[in-house]
Amino acid sequence: MTRSTPTPEATPLLTLAEVETLARAAHQGQTDKAARPYAEHLAAVAAGVRARGGDAEQIAAAWLHDAVEDDALTREWLAAAALTPRTKAIVDALTKRAGEEPEAYARRILDTPGARLVKEADLAHNADPRRLAVLDEPTRKRLTEKYAGMRALLGLGHG
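These remarks concern the structure in this document. (Residues numbered from 1 in each chain as written. Predicted model: local features only at pLDDT ≥ 70, side-chain atom pairs only at ≥ 80, totals over all residues. Heavy atoms only, no water.)

## Here we look at the nonpolar core
Then comes step 1: Judged by nonpolar contacts, the single largest core of 39 residues is most densely connected at Val49, Trp63, Leu64, Leu94, Val118 and Leu154.
Then comes step 2: At the level of secondary structure, the elements contributing two or more residues to this core comprise helix H1 (16-26), helix H2 (38-51), helix H3 (56-64), helix H5 (85-94), helix H6 (102-110), helix H7 (115-126) and helix H9 (137-153).
Then comes step 3: At 6 residues, the largest contribution of residues to this core is made by H3.
Then comes step 4: Every residue in contact with Trp63, bar those within four places of it in the chain, is listed here: Val19, Glu20, Ala23, Arg24, Ala39, Leu42, Ala43 and Ala46. (Core = buried A, V, L, I, M, F, W, Y, C linked by side-chain atoms within 4.5 Å. Buried < 20%, exposed > 50% of the residue type's maximum accessible area, 1.4 Å probe, protein only. Helix = DSSP H or I, 4+ residues; strand = E, 2+ residues; numbered from the N terminus. Contact = heavy atoms within 4.5 Å.)

Written as structure tokens, this is what we have:
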């Protein structure tokens, strides 16, 4: 009879509730361009992903989609996090790099399975007329054009 070598227990993955709690804590005190708590945006994007038929990995990525870009969490944290490789890849794809051209950013999103749907939900909330209405006209115009440009690069058509 041979004895098997014990294997280390795999670290359990974070639940969606844990990811939400973590994302809310990471963005604590941050506000969006309309001076609303940033967690409202994260919740809206996660809900948008769910409404578009996204899976748990995409919903987790929605909660974390701006965390590295906004310096709420580090790339090292993401690499070591108890998340699926796909969730990590989506968050990484959605993290803009300094000086990155929109075309390169869109290409990375399109090349990452599951990322386009999360970005679609993000853009939908960012371009919500109720959110944009509270901004000054030049900011509203600039952001509307920026979001429409990214939608076009991602092949999402109009709003």
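## Considering H7
Note: α-helices contain 3.6 residues per turn, so residues at a spacing of three or four share the same orientation.
Then comes step 1: With 12 residues, H7 should cover 16 Å at 1.5 Å per step; its first-to-last C-alpha distance of 16 Å lies within 8% of that length.
Then comes step 2: Across the 12 residues that make up H7, a large majority, 9, are buried.
Then comes step 3: For H7, the full list of buried residues reads Ala115, Leu117, Val118, Lys119, Ala121, Asp122, Leu123, His125 and Asn126.
Then comes step 4: Turning to H7, the residues buried within the fold contact H2, H3, H5, H6, helix H8 (129-132) and H9. (Expected span 1.5 Å × (residues − 1).)

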